[in-house]
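Remarks on the overall topology
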Amino acid sequence: MSTKHFLTLLDLSRDDINRIIQRAIKLKAMRNQGEIYEPMKNKVLGMIFEKSSTRTRVSFEAGMAQFGGSAIFLSPRDTQLGRGEPIEDSAKVISSMVDIIMIRTFEHDKLVRFAEHSKVPVINALTDDFHPCQLLADMQAYVEHRGSIQGRKVVWIGDGNNMCASYINAARQLDFQLVAACPEGFDPDAELCKQNADRVTVVRDPAEAVKDADLVVTDVWASMGQEEEQQERMKQFAGFQVSPALMDLAKDDALFMHCLPAHRGEEVSKDMLDDPRSVVFDEAENRLHAQKALMEYLLLGHQ
Ligand code: CP
Ligand code: NVA
């Protein structure tokens with residue numbers, strides 16, 4: 001059997017995603033009840049981080065420890081990857097010593113090449129193009145608060161970035177409509193939009209976009225690696241801030257999500273994260289449960 005990887009949401013079927021979400025909800029309940037569950041004793045997770053992280057690192061490392069296994073944090077500052085050792089050689093070597101690997105990097109192609117040469121499952125922990133682990137956590141949070149997302153209207157506000165691209169994949173995989181309100185020049189990838197034309201619409205007016213929305217989502221205006229564009233982007237994205245007033249134009253029971261970290265006063269108003277419609281800290285916590293369910297699936301199959 002070939003090794004299963006999780007590079008984008010398209011690597012899982014709709015049924016797989018729904019089962020992983022249900023399993024994540026179960027693992028969350030088990031943890032809340034103090035149940036010890038250690039299906040990964042002696043298993044090792046390799047964690048390659050070429051970009052910063054709080055949630056992703058803590059959730060993967062804690063999740064593996066809770067499962068009875070251990071994790072190794074690998075930064076390019078300390079490994080030969082950072083000194084130019086080819087990605088293919090690194091993949092062969094690291095995957096000969098650990099059981100599962102997660103990678104946060106820049107070019108998506110680097111992740112794909114690593115996975116091609118890895119003997120063990122590889123998980124995308126964020127690339128410039130996609131952030132599928134966050135979507136598992138977000139979809140879990142939606143299901144917990146509102147039930148199935150199938151047939152719902154989800155509105156993305158702001159940059160057509162890696163998170164937006166993963167929302168497009170989620171729309172396809174979980175059968176919902178996505179409206180992306182982006183300033184001109186910051187649309188999601190054109191090819192991805194074309195492939196999902198039946199599910200994705202790109203518009204310019206956030207107020208118009210959020211009408212009838214069940215879920216409103218945003219993210220920072222300048223992603224990791226775009227720090228030099230921050231000032232220019234602040235100008236381009238003016239008018240794309242999510243606030244309680246904007247949320248008032250959505251459905252009465254609409255939820256608000258943000259993968260975090262957030263910049264209050266930029267993509268979100270100062271009070272947005274504390275609004276009762278915001279579930280951002282549930283989303284963040286769910287990174288732990290959803291990724292435990294994902295690792296379990298990749299290593300042990302559906303439970
Ligand atoms: N949302 C997310 O991936 O957060 P970190 O960058 O802190 O891992
Ligand atoms: N779009 C953001 C997400 C951070 C979790 C970035 O890539 O920096």
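Computed from a predicted model, the values in this text were never measured in an experiment. (Residues numbered from 1 in each chain as written. Chains lettered and ligands numbered in written order. Predicted model: local features only at pLDDT ≥ 70, side-chain atom pairs only at ≥ 80, totals over all residues. Heavy atoms only, no water.)

1. Some remarks on the pairing of strand β7 (residues 200–203)
Pairing between strand β6 (residues 177–181) and β7: four bridges, direction parallel. Directly across from Ala-181, in β7, lies its bridge partner Val-203. For the handedness criterion, the β-α-β arrangement of β6, helix α7 (residues 190–195) and β7 is classed as right-handed. (Pairing = 2+ DSSP bridges. Helix = DSSP H or I, 4+ residues; strand = E, 2+ residues; numbered from the N terminus. Right-handed = clockwise from strand over helix to strand, strands pointing away.)

2. A word on the packing of helix α3 (residues 87–95) against helix α4 (residues 108–116)
Their axes nearest at 8 Å, the elements α3 and α4 cross at an angle of 45°. Classified by the angle between their axes, α3 and α4 sit oblique to one another. With respect to the hand of their crossing, α3 and α4 are arranged in right-handed fashion. Here α3 contributes Ile-87, Glu-88, Ser-90, Ala-91 and Ile-94 to the contact with α4, which in turn contributes Lys-110, Arg-113 and Phe-114. Looking at the contact of α3 with α4 residue by residue, the class counts come to four nonpolar, one polar and three charged. (Axes fitted to C-alpha atoms, helices over the stretch in contact; angles between N-to-C directions. Parallel < 35°, antiparallel > 145°, perpendicular 65-115°, else oblique. Left-handed = near helix turned anticlockwise from the far one by under 90°. Contact = heavy atoms within 4.5 Å. Nonpolar A, V, L, I, M, F, W, Y, C, P; charged D, E, K, R; others polar.)

3. Quick notes on the sheet that holds strand β5 (residues 153–157)
Ordered in space as β7-β6-β5-β8-β9, the five strands form an open sheet in which the pairing is parallel. At either margin of the open sheet sits one strand with a lone partner, and together these are β7 and β9 (255–258). Averaged over all pairs of adjacent strands, the angle between their axes in this sheet comes to 20°, without regard to strand direction. Lying on the sheet, helix α5 (residues 132–146) is in contact with β8 (215–218) and β9; it crosses β9 at an angle near 160°.

4. Quick word on the site of ligand 1
Inspection of the region around ligand 1 gives Ser-53, Thr-54, Arg-55, Thr-56, Arg-104, His-131, Gln-134, Cys-259, Leu-260 and Arg-287 as its neighbouring residues. Backbone polar atom of Thr-54 to an oxygen atom of ligand 1: 2.7 Å apart, as the coordinates give it. For ligand 1, an oxygen atom lies 2.8 Å from a polar atom in the side chain of Arg-55. Protein burial of ligand 1: of its 250 Å² of free accessible surface, 95% is covered by the chains. (Near = heavy atom within 4 Å. Polar contact = N/O pair within 3.5 Å; in protein donor to acceptor, adjacent residues only side chain to side chain. Areas by Shrake-Rupley, 256 points an atom, 1.4 Å probe, with all protein chains shown as cover.)

5. Describing the pattern of salt bridges
Applying the stated criterion across every chain, the model contains 19 salt bridges. With its nearest N and O atoms 3.0 Å apart, the salt bridge here joins Lys-28 to Glu-144. Taken together, the positions of Lys-28 in helix α1 (residues 14–32) and Glu-144 in helix α5 put the pair 116 residues apart, joining distant regions of the chain. Of the residues examined, Lys-28 reaches a relative accessible area of 13% and is grouped as buried. For the salt bridge of Arg-233 with Asp-159, the shortest nitrogen-to-oxygen distance reads 3.0 Å. Within this pair, whereas Arg-233 is found in helix α9 (residues 230–236), its partner Asp-159 is found in the loop between β5 and α6 (162–174), the two being separated by 74 residues in sequence. In the salt-bridge network here, residues are joined through shared partners; they are Glu-88, Asp-109 and Arg-113. (Salt bridge = Lys/Arg side-chain N within 4 Å of Asp/Glu carboxyl O. Buried < 20%, exposed > 50% of the residue type's maximum accessible area, 1.4 Å probe, protein only.)

Keep in mind these numbers describe shape, not what the thing actually does.
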